[in-house]
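# Results of the structural survey
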Amino acid sequence: MRDLIRKQVLVTGGAGFLGSHLCEQLIGNGHDVLCLDNFFTGTRDNIIHLMENPRFELMRHDITFPLYVEVDEIYNLACPASPIHYQHDPVQTTKTSVHGAINVLGLAKRLGAKIMQASTSEVYGDPQVHPQTEDYWGHVNPIGYRSCYDEGKRCAETLFFDYRRQHDIRIKVARIFNTYGPRMHPNDGRVVSNFIVQALTGQPITIYGDGSQTRSFCYVDDLVDGFLRLMDSPDEFTGPVNIGNPVDLTMIELAEEILALTGSESRIKYEPLPTDDPVQRKPDISLASTELGWQPRTDRREGLGKTIAYFDNLLTRQG
Ligand code: NAD
Ligand code: UDP
Ligand code: UDP
């Protein structure tokens, strides 16, 4: 057990991909978890195995509305994360980031609770500095299709730091880079889930653009370990801190790796690149390494193997 003190922890977006793994780990560490979600992209299936646990409580609530609960720590993850989902209702996406941040910060202020924001590498936009360090201010289109998400998350960061300066709230800001693992949505359009589902079902692998764009992928267990270390770090350490895997690859390389791991004979099909799709992205994780003693430990083949097994099982169950 990482922490001997039993805490009451709120996880907003707790029924989502990352949130469900975080809830599981917090319960494993002996804490009580209040999982809040409006089920926009999250599902009960992600947390069904926790429902009978007396330390776990589920609350259906939209974070854009105030909430009055009593907790010691807050992880604010509520926000759709994949472009298909966050562009479905862009105004609601911005409200979720901005009104949501105000509400959880107001809650943290009333309770004196420590609070972590799930920010994103998207705050760097289509970066002109590579790899990205936390002091880079980014290159973000304020009026494009991705802006509801990117600018919403940027404004949430602003609110976190203003609540710290104005009200002395204990804040932590994690800038999460692309993460993958079991419980990703099969249909949310993200590259790892798309390629795996396509490979397993014999459909063409859809590469957007010429496939030379790069990303780096962090396995979910490593990311959750980073969250917990960040929350446990000294109060003076607020971040923002990059949490992600620094090993990058092109989307063609990723497709080939997934084809090899699944033994699939799917062919590769090229499709147009979405607007504002970043050309390259890779975290500099020196700060997380120095301040949190954190670095990803899961090799990509191992992580992809576990993710492929998850989707294989899911597709078999769905028939
Ligand atoms: P996800 O879509 O699986 O989870 C988000 C959860 O928030 C879902 O359960 C959804 O139902 C819930 N939610 C959305 N709007 C809400 C609202 N208004 N009120 C209450 N709940 C709401 O996405 P994820 O991949 O688990 O991402 C979790 C967080 O991490 C997000 O804030 C996302 O921006 C951030 N993030 C994720 C990644 C990644 O690669 N997965 C990368 C960068 C940042
Ligand atoms: N809030 C909440 N729960 C709380 C306290 C506050 O949801 O326990 C919300 C409430 O909507 C409030 C917002 O957080 O408007 C910001 O709170 P703050 O105290 O910063 O400002 P207020 O608007 O109350 O002056
Ligand atoms: N991508 C792709 N084929 C797909 C889905 C995505 O080539 O079926 C590309 C996408 O254009 C982007 C990269 O993969 O360059 C990562 O996309 P994702 O949506 O997973 O994350 P993000 O763009 O937020 O990094």
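In short, a report on the structure. None of the values given here were measured: they were computed from a predicted structure. (Residues numbered from 1 in each chain as written. Chains lettered and ligands numbered in written order. Predicted model: local features only at pLDDT ≥ 70, side-chain atom pairs only at ≥ 80, totals over all residues. Heavy atoms only, no water.)

What tends to happen in soluble globular proteins is that the nonpolar side chains get buried as a cluster. Leu22, Tyr75, Phe227 and Leu254 are the most contacted members of the largest nonpolar core, which has 57 residues in total. The dominant element in this core, judged by the number of residues it contributes, is helix α6 (residues 220-232), at seven residues. Residues within four places of Leu22 in sequence aside, it is in contact with Val11, Tyr75, Leu77, Val224, Phe227 and Leu228. Core analysis: the next-biggest nonpolar cluster, separate from the first, contains 25 residues, Val69, Phe161, Tyr163 and Ile171 among them. (Core = buried A, V, L, I, M, F, W, Y, C linked by side-chain atoms within 4.5 Å. Buried < 20%, exposed > 50% of the residue type's maximum accessible area, 1.4 Å probe, protein only. Helix = DSSP H or I, 4+ residues; strand = E, 2+ residues; numbered from the N terminus. Contact = heavy atoms within 4.5 Å.)

Here the focus is helix α4 (residues 147-167). Along an α-helix, residues three or four positions apart point the same way, because every turn accommodates 3.6 residues. The first and last C-alpha atoms of α4 sit 28 Å apart over 21 residues, in line with the 30 Å expected at 1.5 Å per residue. Listing the buried residues of α4 in full gives Ser147, Cys148, Tyr149, Asp150, Gly152, Lys153, Ala156, Glu157, Leu159, Phe160, Phe161 and Tyr163. On its buried side, α4 packs onto α2 (83-86), α3 (90-111), β5 (114-120) and β6 (171-176). Looking one or two residues beyond α4, the residue adopting positive phi is Asp168, at roughly 60 degrees. (Expected span 1.5 Å × (residues − 1).)

So, on to the side chain of Thr206. Within the secondary structure, Thr206 is located in strand β8 (residues 205-208). The exposure class of Thr206 is buried, given its relative accessible area of 12%. A polar atom in the side chain of Thr206 sits 2.9 Å from the side chain of Gln198. Sequence-distant contacts of Thr206, defined by excluding residues within four places in its chain, comprise Asn194, Phe195, Gln198, Lys269 and Glu271. (Polar contact = N/O pair within 3.5 Å; in protein donor to acceptor, adjacent residues only side chain to side chain.)

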